[in-house]
Amino acid sequence: MDHNHQPTRDVENNPVVLDAKIEKLADLGELHAKVQHLIRLEKSVEAKIRDYIEAHGPELLQEFNELVERAFSSLPSAAEHR
C-alpha cells in the first residue's frame, strides 16, 4: 500500500497479490491430518510385510534359492569357454 492506501505495483508487498497467494495455500491442519494418515498407513503396511515374511520366510528363502540355482545352472560353465 502506498501512503494513500492504494495497492502498489510492487508484487512482493501488494496485499491483493499476497491474499491471492494465501488463498491458494491449503489448510495446514488438513494437510497435517493427511500426513498423519499416510504415516499410519505406512506403519501398517510395514507391519503386514514383517508379519508375512515372518510367517512365510522359510518358503520364500527356499524358492529364492531354487531360482538362483536354476539361473546358475543355465549359465555356461568355465570349461565350455576353453
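In case you missed it, the structure is sitting above this.
Since the structure is predicted, the reported quantities are computational estimates derived from the model, not experimental observations.

1. Here's the deal with the overall build of the protein chain
A tally of regular secondary structure across the protein chain gives 2 helices and 0 strands. Counting over 82 residues, the protein chain shows a buried share of 2%. Total accessible area computed for the protein chain in this model is approximately 7800 Å², and 60% of it derives from carbon and sulfur atoms.

2. Concerning the pattern of salt bridges
The full count for this structure, using the stated rule, is 1 salt bridge. Among the ionic pairs, E30 bridges to K34, the shortest N-O distance being 3.4 Å. Linking E30 with K34, this pair stays in helix α2 (residues 28-73), spanning 4 residues, or about one helical turn. You can call K34 partly exposed: its relative accessible area is 46%.

3. Brief notes about a nonpolar patch on the surface
Residues V45, I49, Y52, I53 and L60 make up a contiguous nonpolar surface patch of about 460 Å² in total accessible area. With respect to the helices and strands, the residue L60 is situated in helix α2.

Scoring rules and cut-offs
- All residue numbers refer to positions counted from 1 along the written sequence of the respective chain.
- pLDDT decides what is reported in this predicted model: residues at 70 or higher carry local features, side-chain atom pairs at 80 or more are listed and counted, and totals for whole chains, interfaces and linings draw on all residues regardless.
- Side-chain numbers here rest on the full set of heavy atoms in the structure, without hydrogens or water.
- Going along the chain from the N terminus, every DSSP run of H or I of four or more residues is numbered as a helix, and every run of E of two or more is numbered as a strand.
- Burial classes: relative accessible area under 20% of the type maximum marks a residue as buried, over 50% as exposed, and values in between as partly exposed (1.4 Å probe, protein chains only).
- Exposure was quantified through the Shrake-Rupley algorithm and a 1.4 Å probe, taking into account, for residues, occlusion by the shown protein chains and nothing else.
- Salt-bridge detection follows one rule: a side-chain nitrogen of Lys or Arg within 4 Å of a carboxyl oxygen of Asp or Glu.
- Like charges are joined within 9 Å and nonpolar side chains (Val, Leu, Ile, Met, Phe, Trp, Tyr) within 5 Å, but only among residues with over 30% relative accessible area and no salt bridge; these make up the patches.

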